[in-house]
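Here's the letter readout for the chains.
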Amino acid sequence: MNTKTTKKPSFFSGLTGQILIAMVLGAILGIIIHNSISAEAAQGFSAKIKILATVFIRLVQMIISPLVFTTLVVGIAKLGDIKAVGRIGGKAMGWFFTASFVSLLLGMFFVNILEPGVGLNLSNVDLGSVSEVTAKTQNISFENFIEHIVPKSIFEAMATNEILQIVIFSIFFGLAAAALGDYVKPVINALDKTSHIVLKMVNYVMKFAPIGVFGAIAGVFAVRDFQELAITYFKFFGSFLVGISSLWLVLIVVGYIFLKSRMTVLLKRIVSPLIIAFGTTSSEAVFPKLTEELERFGVKDRIVSFMLPLGYSFNLDGSMMYMTFASIFIAQAYGIDLDIGTQMTMLLVLMLTSKGIAGVPRASLVVVAATCGMFDIPIEGIALILPIDHFCDMFRSATNVLGNALATSVVGQWEGDDENETVISE
């Protein structure tokens, strides 16, 4: 009998361990730089070290458009007809809007219970940094969202990584291909092979993840006095963590209700994407890696390729929770009393205006600023949360990844049950 055992690789030799090490080293370097050189020099250092994160995110963005297009077209072509697309799409949108509503409600609940904005000192607020966000609020409206859904050009949509527009084009392309049947099989096979090439590229790109995370974390800590931030924003950040932790608890419990013991396997699968999203504050940065891990988890590729692109536009659970929390926090800071009816109206406005803005830099802040303007809350209040927003963004980006992974897995299981097929857990 062969008694030879294979030595398992250590945790820190894997991607997850390397990213965690990079986060710690980045924080240490940033703190050292912040405490040892002038503020101007630290700003220069931050700008240069953040290039590492920018390069990593750009590498990921480079492959998102071809990945979404090829996998979604192939997935829809394999679904076969418009009824199947409508069935899965209906389940997806039902889940997305329910999850968004629950997330918004949680944010509204905790900001009203904990009241982090009440009694806040507004004298030291830096209003100069608000212009970047408020300049974009004029484009946030339900009408503009509807117009924005349909691409003028698929090449323009791909060039700007407008995921929702790419999804719309891909759905039409896939349905047309399915209707033509065997005649277009060579095209579908070519796109299928292309998607596998792009997924192979994902493995290469992810090797840069620790470097990108290191640059992102070091750049932030170099210009932020973490101790001062912690003291000044302890109530806001602490209250936000209570809210986001509760949302995680809800998502995980729901996951165990629908997926049972397979939820544990899913959580293990998505640890790496969660940490990358946390370190880079970009849920978009893990789109390709999350696609790969969900397929390994056992969700059919046609379900993953259909659900994830939709989820990135319609199912940003962490961002949704933050939006109601931040909007009402600003109202509290300015002593503006919002009754429950007004807050529920605000919730519904956020439900609509927040869809499809995943590609907008600081998307959550842009929507919060626009919402404040609609309800006569000073938009300048955004300056209150700008200094701490990066740290909040780390948590909401990771939450977005968890929410999309869960939604895709559950809908994938529902589809498997409908087809009387057994979905492999690992």
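Quick caveat: nothing in here was measured; it's all calculated off a predicted structure.

Draft legend 1. Layout of the UniProt feature "transmembrane region" (unreviewed entry) in the protein. Within this numbering scheme, the UniProt entry marks residues 12-35, 55-80, 92-114, 163-184, 204-224, 236-259 and 365-386 as carrying the feature "transmembrane region" (unreviewed entry). Between the end C-alpha atoms of residues 236-259 there is a gap of 34 Å, over a span that is 100% helix and 0% strand. A distance of 9 Å separates the end C-alpha atoms of residues 365-386, which is 68% helix and 0% strand.

Draft legend 2. Representation of unusual backbone geometry within the structure. Its identity is not glycine, yet Lys260 carries a phi of approximately 60°, on the positive side. Under the relative-accessibility criterion, Lys260 is labelled exposed at 55%. You will see that Asp376, though not glycine, has its phi angle at about 55°, which is positive. Tracing the chain through its elements places Asp376 in the loop between helix 18 (363-374) and helix 19 (382-418). Using a relative accessible area of 69% as the deciding quantity, one classes Asp376 as exposed.

Draft legend 3. Layout of the side chain of Ser319. Its location among the elements puts Ser319 in helix 16 (residues 317-333). Overall, Ser319 belongs to the buried group, its relative accessible area being 7%. Apart from the residues within four sequence positions on either side, Ser319 is in contact with Ser364, Arg396 and Asn400.

Draft legend 4. Structural view of helix 13 (residues 271-280). Burial analysis of helix 13 places eight of its 10 residues in the buried class, the great majority of the element. Those residues of helix 13 lying buried are Ser272, Pro273, Leu274, Ile275, Ile276, Ala277, Gly279 and Thr280.

Draft legend 5. Looking closely at the packing of aromatic side chains. Tallying each qualifying case throughout the model produces 14 aromatic pairs. Ring geometry for Phe109 against Phe110: centres 5.1 Å apart, planes inclined by 80°, an arrangement best described as edge-to-face. Phe110 sits in the buried class, given a relative accessible area of 12%. Through pairs of rings, three or more aromatic residues link up here, namely Phe236, Phe240, Tyr322, Phe325 and Phe329. When the ring centre of Tyr322 is taken as origin, the NZ or CZ atom of Arg396, which lies over that ring, is 4.1 Å away.

Draft legend 6. Quick peek at a nonpolar patch on the surface. A cluster of nonpolar side chains, Ile21, Val24, Leu25, Ile28 and Ile32, forms an exposed patch at the surface whose accessible area comes to about 430 Å². Overall, the relative accessible area of 47% leaves Val24 in the partly exposed class.

Draft legend 7. Highlighting the pattern of salt bridges. For the structure on display, the rule yields 10 salt bridges. Between Asp389 and Arg396 there is a salt bridge whose closest N-O contact spans 3.1 Å. Its relative accessible area of 2% is what places Arg396 among the buried residues. Through salt bridges that share partners, Arg269, Lys289, Glu292, Glu293 and Arg296 make up one connected network.

Draft legend 8. Layout of the environment of Ala92. Mapped onto the elements of the fold, Ala92 is located in helix 3 (residues 82-114). A relative accessible area of 0% places Ala92 in the buried class. Remark: the alpha-carbon pair of Ala92 and Asn315, spanning 223 residues in sequence, is separated by 9.4 Å.

Draft legend 9. Quick peek at the side chain of Gln332. Tracing the backbone through its elements, the reader meets Gln332 in helix 16. The exposure class of Gln332 is buried, given its relative accessible area of 14%. What Gln332 contacts, discounting residues up to four positions off in sequence, is Val111, Asn112, Glu115, Pro116, Gly117 and Val118.

How each quantity is defined
Residues numbered from 1 in each chain as written. Predicted model: local features only at pLDDT ≥ 70, side-chain atom pairs only at ≥ 80, totals over all residues. Heavy atoms only, no water. UniProt positions renumbered as here; feature names shortened; annotations may be inferred. Helix = DSSP H or I, 4+ residues; strand = E, 2+ residues; numbered from the N terminus. Buried < 20%, exposed > 50% of the residue type's maximum accessible area, 1.4 Å probe, protein only. Contact = heavy atoms within 4.5 Å. Phe/Tyr/Trp six-rings, centres within 6.5 Å; stacked < 30°, edge-to-face > 60°. Lys NZ or Arg CZ within 6 Å of the ring centre and 35° of its normal. Patch = residues over 30% accessible without salt bridge, like charges linked within 9 Å, V, L, I, M, F, W, Y side chains within 5 Å. Areas by Shrake-Rupley, 256 points an atom, 1.4 Å probe, with all protein chains shown as cover. Salt bridge = Lys/Arg side-chain N within 4 Å of Asp/Glu carboxyl O.

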